[in-house]
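Residue-level listing of the chains:
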Amino acid sequence: MNKDFRIAWLLAGAMILAFAFPVAAANIDNGRQIYDTYCVTCHGAGGRLDVSSPVIKGLGVEPADFSDPLFNSREPAGDWEMVIKYGGHALGLAEQMPAQGEVLNDEQISDVTAFLKSVVDTSGFPPGEMNLFLPVRTKKAYPEDEIVYSGRYTDQDGDSEYKQVLEFEKRFGKAGQGILEFVHERVGSESELSEAEIGYKQALSFSTSHVLSAAAVVAIPIEADGDGELVTYLAYGRELSPTWIIQSSLRLKFPFEGASDGEAELAGIVHWVHSPWPRRVFPALEVVATNPFRSSNGDLEWTAMPQVRIGLTRGGHVALNLGVELPLSDQTWDQRYYVTLLWDFADGSFFQGW
Ligand code: HEC
């Protein structure tokens, strides 16, 4: 056998071994013992918070209840491992959560995290691992509690345009989300609160590495001569590897006064999540293709949007997203600038953890 062949066989053998013997699965029983030794006084038997316990009253801050399936499902296991290792302070939580990195090794931390994840049945709830970074245009698939302000400035011939949107998103049930938005527009010196949007999103399929949702939103004009529309979309998110995530969405807009004036928009984004912590600057590239329904292919508009997500709090539950949109086809505008401020209010108050 020549040398190249032997190397190929060795590599193939190594790959087979890697697949046959994956990283040891976390040991929940071991995790339970660790929990009962180090954690139970504050977090309660079986992860069920006991608010009447004198220890909790003395802490001055109430830990979350791990037996609540919504809370348990929406927090990524990786975040918990970090909090357990480095303490609550690391992710902007209370200092009363002590760092355990000195007493527990990584394997024990992953065991106790696996135990915490097992204390309640969370099937039917999309895992928090799929609460991916919010893109500028691609719709997000994960249903969550979030308040988002976004501003878009369009640089074009004649009057430039400024559009602002305030969005309230509230989790409904296991996998649903209600959406309420207000849109304000200014062109030159004319400014108006132009529409309100009400909608609902439902996660249809999910795991710790993918999520697929469908949504419908009705836009109701506020000013007299406006036209309402129905917007529906499918949104998808996937973790390609621990450092690369992709999201994409297909959005269809149907104006009430003539659905054929509508358009389809396909958007996709790749985020580079170069480190789990600190959660400061994460670059991404987004591409959007828009096609009016009644068009020949020549009307397809392409744009590219380099952008950056900047975590403002230590855990990243308040974050800024800055992007610039560059036309790749014959658009009527020169450039668009975006700024988005988001607050994931399920993870803490706005001012917590800066
Ligand atoms: C002295 C009391 C105390 C002990 C002991 C303690 N914790 Fe905590 N823990 C807290 C408090 C308080 C918080 C809530 C912090 C907040 O919400 O700001 C917390 C938060 C957490 C969180 C984050 C939950 C979230 O909000 O996302 C995890 C995970 C956690 N603890 C796990 C553990 C584990 C595992 C142990 C044992 C190895 C442990 N804790 C021991 C008090 C404690």
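Residues numbered from 1 in each chain as written. Predicted model: local features only at pLDDT ≥ 70, side-chain atom pairs only at ≥ 80, totals over all residues. Heavy atoms only, no water.

**A look at the domain arrangement of the protein chain**
Per the domain assignment, the segments making up the protein chain are domain 1 (28–118) and domain 2 (128–347). For domain 1 versus domain 2, the distance between C-alpha centres works out to 34 Å. At the junction of the two partners, domain 1 supplies twelve residues and domain 2 supplies twelve residues. Here domain 1 and domain 2 share an interface that buries about 1100 Å² over both sides, 45% of which is from carbon and sulfur atoms. Summed over the three residues of domain 1 that lose the most area to domain 2, namely Arg74, Met82 and Leu91, the buried surface amounts to 42% of that side. The interface formed by domain 1 and domain 2 contains two salt bridges. A salt bridge links Arg279 to Asp79, with the shortest nitrogen-to-oxygen separation between them at 2.7 Å. Within the residue set of the side of domain 1 that touches domain 2, elements represented by two or more residues are helix 5 (69–74) and helix 6 (77–86). Taken together, the residues of the side of domain 1 that touches domain 2 break down into six nonpolar, three polar and three charged. (Domains from an automatic or database assignment. Contact = heavy atoms within 4.5 Å. Buried area = accessible area lost by both parts, 1.4 Å probe. Salt bridge = Lys/Arg side-chain N within 4 Å of Asp/Glu carboxyl O. Helix = DSSP H or I, 4+ residues; strand = E, 2+ residues; numbered from the N terminus. Nonpolar A, V, L, I, M, F, W, Y, C, P; charged D, E, K, R; others polar.)

**Quick notes on the site of the ligand**
Surveying the vicinity of the ligand reveals 21 residues, the closest of which are Cys39, Cys42, His43, Ala94 and Met97. The contact in question runs from a nitrogen atom of the ligand to an N or O atom on the side chain of His43, over 2.8 Å. Here an oxygen atom of the ligand and a backbone polar atom of Ala94 are 2.7 Å apart. Counting residues per element, the shell around the ligand draws most heavily on helix 6, which supplies three residues. Here the shell around the ligand is composed, by residue class, of 17 nonpolar, three polar and one charged. (Near = heavy atom within 4 Å. Polar contact = N/O pair within 3.5 Å; in protein donor to acceptor, adjacent residues only side chain to side chain.)

**Some words on the pattern of salt bridges**
Under the criterion given, the structure shown has 14 salt bridges. For Asp29, the salt bridge is made with Arg32, and the minimal N-O distance between the two is 2.9 Å. Residue Asp29 and its partner Arg32 are located together in helix 2 (residues 28–38), separated by three residues, close to a single helical turn. Relative accessible area serves as the criterion here: at 36%, Arg32 is assigned to the partly exposed category. Across the pair Glu325 and Arg336 runs a salt bridge whose closest N-O atoms are separated by 3.9 Å. Here Arg336 lies in strand 12 (residues 333–343) and Glu325 lies in strand 11 (residues 318–327), a separation of eleven residues in the sequence. When its relative accessible area of 13% is taken as the criterion, Arg336 is described as buried. Each member of the salt-bridge network shares a partner with another, and the members are Arg137, Arg251, Glu265, Glu325 and Arg336. (Buried < 20%, exposed > 50% of the residue type's maximum accessible area, 1.4 Å probe, protein only.)

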